[in-house]
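# Working through the structure, step by step
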Amino acid sequence: MSTVAGYPLVQALAEVADFRKSRGKRHTLAAILALGCVAALCGCSSLTAISQWGRHHSAEVMQRLGFTHLPGPSVATLHRVFSHLDAVALEQALTAWWQVWLPGRSALALDGKTVRGSGGADHRALQVLAAFAGQVRVVLAQQAISHGDEIGAALALLEGVDLHGWIVTGDAKLTQKAIVGRVLDQGGDYVLTAKANQPTLCEDIATLFAEPQIVAETITTTRRVDLHGSRIEVRRLQASSALTAEYTGWPGLQQVFRLERCRIDKRSGQRTTTVVFGITSLSPAAADAKRLAGLSRDHWHIENRLHWVRDVAFGEDASRIRTGQAPQIMTILRNVAIGFLGLLAYDSPTEGLRHFAWNPAEAVDLVTKLPIVAPRAKMK
């Protein structure tokens, strides 16, 4: 077991400026946010549930979170605070907190998600872009997507993150020279797929692998077979260092790859084959075909370890919180809870939420003290 080298989460929350005037203010903003984080870790997914959690627990628990007046905040107070809070400042404070003690650890997946229940008759549903460290299941940073501009959101998100040690992965939409340049400027590497949005690049890569014998000395290959029920999936990746950054115009490019996926239905024998291309700033020595295949596959952890968890375990899409910044603040609280559950190695997020619901003092410790990161004993 090891205590992280940094400072308690509640201290990071205290760095977020409070927009409220002093007159009539009963609870500090840091205490309210700490309550939100603890309640989310205990499975609370609504403002009503967060308020009830605070009013249900003892004065000692609430004082540890920073409350000096009891009872805790009402639903109306939470609604007003979360609706007007500076979500960007909160995201930045959390990113700085994670980065103090979470070193670069392999892949950092970028992907967007729509919070479907947050839309209304007069406004669009909230969309957020997350930078998710799938290995430890931590959202290192998050950015609201304005008017569907996912590329602009990615550039803004990456600007505030130290990427040394991280390998940024993304789908074809994010394969843009501006994003690649930003990743390199921030000290990171990239593994990105290329599709119809980059026709010249795809044509160059396809031409290269059409006659692989010409550049055979630059090519590494890997093949993987997986069985999923009645479906067999065969994945074959070829990587080559023959195309250079100077030739393609893509900053930092050191390798390109061709990934072929073949799905076979065992019952019918039907085969479906898809081919995607990709680029990376990793050299052959740093990432051969096998590692690139793993990084490409692991990118999709963001779907089943983050987006799916927020929807299923926290009921995010079913939530009807719609006012102001409140939908984004709730996504932030869920991200914090998911990060703690990941660092504590809970294979099942639901199991982790139940544990902290039954042991709320441990949830309070995680937020108010230096977290102790160690896998807990798994249920038999």
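Each chain has its residues counted from 1, running along the sequence as written. Whole-chain, interface and lining totals are the exception, using all residues; otherwise, since this is a predicted model, local features are given only for residues with pLDDT of at least 70 and side-chain atom pairs are given and counted only at 80 or more. Side-chain metrics rest on all non-hydrogen atoms present in the structure, leaving aside hydrogens and water.

To continue, consider the pairing of strand E8 (residues 231-240). Note on classification: 1.4 Å probe, protein chains only; a residue is buried when its accessible area is under 20% of the maximum for its type, exposed when over 50%, partly exposed between these limits. Counting from the N terminus, the helices are DSSP H or I runs at least four residues long and the strands are E runs at least two residues long. With seven of 10 residues buried, E8 is to be regarded as a mostly interior element. As paired elements, strand E7 (residues 219-228) and E8 share 10 bridges and run antiparallel to each other. Looking at E8, one finds that Arg223 is bridged to Arg236. Counting the residues that bridge the hairpin from E7 to E8 gives two residues, and of these Gly229 lies at a positive phi of roughly 60 degrees. Sheet topology note: the E8/strand E9 (residues 255-265) ladder contains 10 bridges and is antiparallel. Within the sheet, the bridge partner assigned to Arg231 lies in E9 and is Asp265. Strands qualify as paired when DSSP identifies two bridges or more between them.

In this structure, Ala318 sits in the loop between helix H12 (301-312) and helix H13 (326-343). Residue classification places Ala318 among the exposed positions, given a relative accessible area of 58%.

With that settled, consider the nonpolar core. Take the buried Ala, Val, Leu, Ile, Met, Phe, Trp, Tyr and Cys residues and link them wherever side-chain atoms come within 4.5 Å; each set so joined is a nonpolar core. The biggest cluster of nonpolar side chains holds 106 residues, and the ones touching the most others in it are Leu9, Trp53 and Phe82. Within the second largest apolar cluster, 14 residues are counted, among which are Val191, Leu259, Ala287 and Ala293.

Before going further, it helps to spend a moment on the sheet that holds E8. Within the open sheet, the nine strands sit side by side as E4-E3-E2-E5-E6-E10-E9-E8-E7. Their pairing is mixed. Unpaired on one side and paired on the other, strand E4 (138-144) and E7 mark the two borders of the sheet. Adjacent strand axes in the sheet meet at a mean angle of 20 degrees when their direction is disregarded. Strands in contact with H13 are strand E2 (106-115), strand E3 (126-133) and E4; relative to E4, the strand with the most contacts, it is inclined by about 165 degrees. Between the N-to-C directions of two axes lies an angle of 0 to 180 degrees, each axis being a line fitted to C-alpha atoms and, for a helix, fitted only over the stretch in contact. Residues are treated as being in contact if the distance between any of their heavy atoms lies within 4.5 Å.

With 96% of its residues at a pLDDT of 70 or more, the protein chain shows a mean pLDDT of 92. This model gives residues 375-380 a pLDDT under 50, and the stretch forms nine contacts once residues within four places in sequence are excluded. pLDDT measures the predictor's confidence residue by residue and takes values from 0 up to 100.

In this section: the pattern of salt bridges. Only one rule defines a salt bridge in this text: a Lys or Arg side-chain nitrogen within 4 Å of an Asp or Glu carboxyl oxygen. Summed over all chains, the structure comprises 17 salt bridges. A salt bridge links Lys173 to Glu150; the nearest nitrogen and oxygen atoms lie 3.5 Å apart. One end of the pair, Lys173, is in the loop between strand E5 (166-170) and helix H8 (177-185); the other, Glu150, is in helix H7 (residues 150-159), and 23 residues separate them in sequence. Note on Lys173: relative accessible area 45%, which makes it partly exposed. A salt bridge links Glu316 to Arg334; the nearest nitrogen and oxygen atoms lie 2.9 Å apart. Taken as a pair, Glu316 in the loop between H12 and H13 and Arg334 in helix H13 lie far apart in primary sequence, 18 residues in all. On the accessibility criterion, Arg334 (3% relative accessible area) is buried. Residues joined by salt bridges that share partners form a network here, namely Lys113, Arg116, Arg310, Asp311, Glu316, Asp317 and Arg334.

The next subject is the packing of H7 against H8. The N-to-C vectors of H7 and H8 enclose an angle of 5 degrees; their axes lie 10 Å apart at closest approach. One element, H7, and the other, H8, form an angle in the roughly parallel class. Between H7 and H8, the contacting residues are Ile151, Ala154, Leu155, Ala156, Leu158 and Glu159 on the first element and Ala178, Ile179, Arg182 and Val183 on the second. Among the residues forming the contact of H7 with H8, the class breakdown is eight nonpolar, no polar and two charged. Should an angle lie under 35 degrees it is considered roughly parallel, over 145 roughly antiparallel, and from 65 to 115 roughly perpendicular; all remaining angles are considered oblique. Residues are grouped as follows: Ala, Val, Leu, Ile, Met, Phe, Trp, Tyr, Cys and Pro are nonpolar; Asp, Glu, Lys and Arg are charged; all remaining types, including Gly, are polar.

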